[in-house]
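# Overview (structure and organization)
What follows is the residue order along each chain.
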Amino acid sequence: MSLFELFLWSFVVLALVATVLISLYGIAKRPNLVKKLIALTILGDTANLFVILFGYRLIYPVAPPVLAQWSESGVKELLRKAVDPLPQALVITAIVIGMAVNIFIAFLIIQAHRLYRSVDTREIAKYGGE
Amino acid sequence: MEHAFFIVMGIAIPLYLSAIVIYAIRAIRGPTVPDIILAVDCISFDIAAFMAVLAIYFKSVFLIGAPIILALWAYLLDMYVAKLLVSKEEER
Amino acid sequence: MSTVLFALGSAMILIGGLCDLFGAIGLLRFPNFFLRLHAATVGTIGGAVVPLFGVSLVALGSDFLGSMRYPIAGASAITAIIVLLVAPAGSHILAYAAHKAKLIKWKKVCDHLEAKKP
Amino acid sequence: MIHLVILAISVLIGLVFSYLAITERDLLKAVGFSAIQAVAYAIAFYLLMAPDIVLAYVAISVGIYSALLIFLIRKTGRYEV
Amino acid sequence: MKRTLPLLLILALVVVFAYLFATKGVISAPTELRPLGKFYLEKCMIGGDFAAGSPEAVTSILWDYRGLDTLFETSVFFLAIIGSLMLFSFKVKEVVREQELTLVVRSVTKIAAVMILAVSASIALHGHLTPGGGFQGGSALAVAPLLVLVAFSRKILETSGLSLKRAIVIRSLGLMGILLTALLPLTLGGYIMQNLPIFPKYIADQLTSGSLIFYNVFEYLAVGAGFTAVFLLISIPEKNFVEEEK
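Now for a description of the structure that goes with this document. (Residues numbered from 1 in each chain as written. Chains lettered and ligands numbered in written order. Predicted model: local features only at pLDDT ≥ 70, side-chain atom pairs only at ≥ 80, totals over all residues. Heavy atoms only, no water.)

### A short note on the overall build of chain A
Assigned secondary structure in chain A consists of five helices and zero strands. Its C-alpha atoms give chain A a radius of gyration of 21 Å, more than 25% over the compact-globule value 14 Å for 130 residues. For chain A, the residues scored as buried account for 61% of the 130 residues in total. In chain A, once contacts between residues fewer than 6 apart in sequence are set aside, the share between residues at least 24 apart is 53%. On chain A, roughly 5,300 Å² of surface is accessible, and the fraction owed to carbon and sulfur atoms is 66%. Positive and negative charge centroids in chain A, built from 12 and 8 side chains respectively, lie 8 Å apart. (Helix = DSSP H or I, 4+ residues; strand = E, 2+ residues; numbered from the N terminus. Rg over C-alpha atoms; globule rule 2.2 N^0.38 Å. Buried < 20%, exposed > 50% of the residue type's maximum accessible area, 1.4 Å probe, protein only. Contact = heavy atoms within 4.5 Å. Areas by Shrake-Rupley, 256 points an atom, 1.4 Å probe, with all protein chains shown as cover. Lys, Arg positive; Asp, Glu negative; His and termini not counted. Charge placed at Lys NZ, Arg CZ, Asp CG, Glu CD.)

Given below as structure tokens:
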């Protein structure tokens, strides 16, 4: 593997790590609840991308793990160039369930806005929450 | 023929990539909200075409379903934002 | 026959790439939103519909794809038709909303929409 | 080789736009930025040979999630203090 | 711009560390299939009639090999949607007049909604042969009512037959179907979430992959109707909610 390929691969991994750190900053430090929701979604997407990245193979004739037509040689060919199917199966449910949980959080934010007339955590903290 | 196709790829992929990067710069600089949404639109359709080109590059028939979905979905954001802007204007 | 299809499709893919680049430069350089809409049309119709039809022609003409060329050709043609249908509607509604919400400062020469309003 | 370059560029766009989406004060602009991030991640999933996930991810994050955020902004107010 | 400086700093740090890592060889890209992935791939592709009944490795892992996992994930989905619906159990005033978008958009939306229905049904029903399945098709299906909701109004959706109550009923039917398909083999001497001994692999010479197609169809209905119900609630303007009298 050449140096440039290694550099690009490390760049991809480190950029994802940086995205995770930025979204953690957004979750922890931004006062607005809607902004916290956006940061939470970015964190979830980046984590999913990481999981997929672990199942990838850095070769050129690479294929998704689906067989077009069954034959003995076709299966051998597929095993030579297919990526790992297990992380993909885990991530599909994670995306849809994460969306459902996000909808639940959004409804909670609307409820907070009805009660306190604000979505700013500093404003809400004035009402005496511990 | 495969060789000729890879030469075409070598010219076309940098064009698409530079176009996507320039659209992204417009989205960063865009002064108003419609500018950003317009850049999102352009990027989405561009990437839909790019995905179809890459499906031949990877020689896989299973990858061709993705551009249909992306092209159908790309104009949703326009409609949401337009609805928000129009309704804000009505309430005023 | 297949060579002709392949050459035509490749040319369309390259034209699409060029249209995309020009549309992007126009989107970057034009001064206000309504002018940028024009560049965006070049970027979407020229830059997405033309190469999608080109991909379908290339897929029909290339032998190295084997039997999977017909699904690729059909799906990319359908995608092209969808883009042709959907992209103008998106631009239209965005321009309508931007005009109605009075977001953009621009030098008017003639504004039919404003004249029609009571 | 070339697909690794495309992957790096898409992840870079994702990084830049997630930073912009998190630091932006106008929430409507932040929705636009996060939509660009979603599209960039969609092509990253595509290059990592996961067409199943592209189908789910594009529908969720471009179609449904931005609608959810815009309804939320419409109910709670557009500007972050 | 105040925000560009930290961004440039982050980018520079990423590039420098990537170069350092590359020269030291800290992170190396995998080129081989991991043993677990190879096991699953080989197991899926055994024989001309496929061990799990499907040539698509992801769907067969999702609903057959790791089926219990997916069943409980679906119950998490169910609970999240139920919680959202519970938070919004207020009285709703009738919406008097709602803004519709222009004629161009309405005409395009009619065509696009039909296209979305067709595409999502094809994704869900071909989920055992090509990429796609219940989750993907369902989330695609949920966009069509959303589109109609935005371009037209809420009232048109309700007069054309898709009210909140009906969406909840459809979602519950989908979940009941999943549960029945999962538990039916127990009474017939099979195993839970195990498709092939009970359900037929081929119907009329078409590969239908045992229970995978039933799971896909029911999940399609459940996910699509669940998201639709949520968006029917969230699209009501805030001033139309009435406080409940104590």
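### Regarding the packing of helix α4 (residues 85–116) of chain A against helix α10 (residues 212–234) of chain E
Running from amino to carboxyl end, α4 of chain A crosses α10 of chain E at an angle of 15°, the nearest separation of the two axes being 12 Å. Between α4 of chain A and α10 of chain E, the interaxial angle falls into the category roughly parallel. Two packed elements cross with a definite hand, and for α4 of chain A against α10 of chain E that hand is left-handed. Across the interface between the two elements, Val96, Met99, Ala100, Ile103, Phe107 and Ile110 of chain A of α4 of chain A pack against Val223, Phe227, Val230, Phe231 and Ile234 of chain E of α10 of chain E. For the contact of α4 of chain A with α10 of chain E, a count of residues per class yields 11 nonpolar, no polar and no charged. (Axes fitted to C-alpha atoms, helices over the stretch in contact; angles between N-to-C directions. Parallel < 35°, antiparallel > 145°, perpendicular 65-115°, else oblique. Left-handed = near helix turned anticlockwise from the far one by under 90°. Nonpolar A, V, L, I, M, F, W, Y, C, P; charged D, E, K, R; others polar.)

### Focus on the interface of chain E and chain C
Contact with chain E, which involves eight residues of that partner, is made by eight residues of chain C. Interface of chain E and chain C: buried area, both sides summed, is about 700 Å²; carbon and sulfur atoms make up 86% of it. When residues of chain E are sorted by the area they lose upon contact with chain C, Thr102, Val108 and Met115 of chain E head the list and together hold 51% of the total. Here chain E is connected to chain C by zero salt bridges. Across the chain E-chain C interface, the total number found is one residue pair in polar contact (both at pLDDT 80 or more). Across the side of chain E that touches chain C, the residue classes tally to six nonpolar, two polar and no charged. (Buried area = accessible area lost by both parts, 1.4 Å probe. Salt bridge = Lys/Arg side-chain N within 4 Å of Asp/Glu carboxyl O. Polar contact = N/O pair within 3.5 Å; in protein donor to acceptor, adjacent residues only side chain to side chain.)

### Describing the pattern of salt bridges
Residues and elements named next belong to chain A. Applying the stated rule across the entire model yields eight salt bridges over all chains. Between Arg80 and Glu77 there is a salt bridge, with its nearest N and O atoms 3.1 Å apart. Taken together, the positions of Arg80 and Glu77, both in helix α3 (residues 72–81) and three residues apart, correspond to about one turn of that helix. Taking the relative accessible area as the measure of exposure, Arg80 reaches 54% and is therefore exposed. Here the residues in one salt-bridge network are Glu77, Arg80 and Lys81, joined through shared partners.

### Focus: the interface of chain E and chain A
By a widely used convention, the size of an interface equals the accessible area lost when the partners come together. Chain E puts 56 residues into the contact, and the matching count from chain A is 46 residues. Together chain E and chain A conceal approximately 4,700 Å² of surface at their shared face, both sides included; 79% is due to carbon and sulfur atoms. Counting across the interface, chain E meets chain A through one salt bridge. At the surface where chain E touches chain A, the tally comes to six residue pairs in polar contact (both at pLDDT 80 or more). Only α1 (4–24), α2 (35–44), α3 (57–65), α4 (67–87), α6 (134–141) and α10 of chain E provide two or more residues apiece to the side of chain E that touches chain A.

### A closer look at the layout of surface pockets
Looking at the largest pocket, its volume works out to about 1,100 Å³. Residue lining of the largest pocket: 38 residues in total, with Ala68 of chain A, Ser60, Val61 and Phe62 of chain B together with Thr130 of chain E positioned closest to the centre. Elements that contribute at least two residues to the lining of the largest pocket include exactly α3 of chain A, α3 (65–73) of chain B, α3 (69–100) of chain C, α3 (51–76) of chain D together with α5 (103–125) of chain E. (1 Å grid on protein atoms, 1.4 Å probe; cavity = no way out; pocket = protein on both sides within 12 Å on 5 of 7 lines; lining within 4 Å. Points joined across faces, edges and corners; volume = space filled by probe spheres on them.)

### Some details on a positive patch on the surface
A contiguous patch of positive charge, built from Lys88 of chain B, Arg74 of chain D together with Lys93 and Lys239 of chain E, is present on the exposed surface. Position of Lys93 of chain E relative to the elements: it lies in the loop between β1 (91–92) and α5. Residue class for Lys93 of chain E comes out partly exposed when judged on its relative accessible area of 48%. (Patch = residues over 30% accessible without salt bridge, like charges linked within 9 Å, V, L, I, M, F, W, Y side chains within 5 Å.)

### A word on the packing of α6 of chain E against α10 of chain E
Residues and elements named next belong to chain E. It is at 7 Å that the axes of α6 and α10 come closest, and there the two elements cross at 35°. Seen along the crossing, α6 lies across α10 with a hand that is right-handed. The segment α6 lies against α10, with Gly134, Phe135, Gly137, Gly138, Ser139 and Leu141 engaging Asn216, Glu219, Tyr220, Val223 and Gly224. Here the residues of the contact of α6 with α10 sort into four nonpolar, six polar and one charged.

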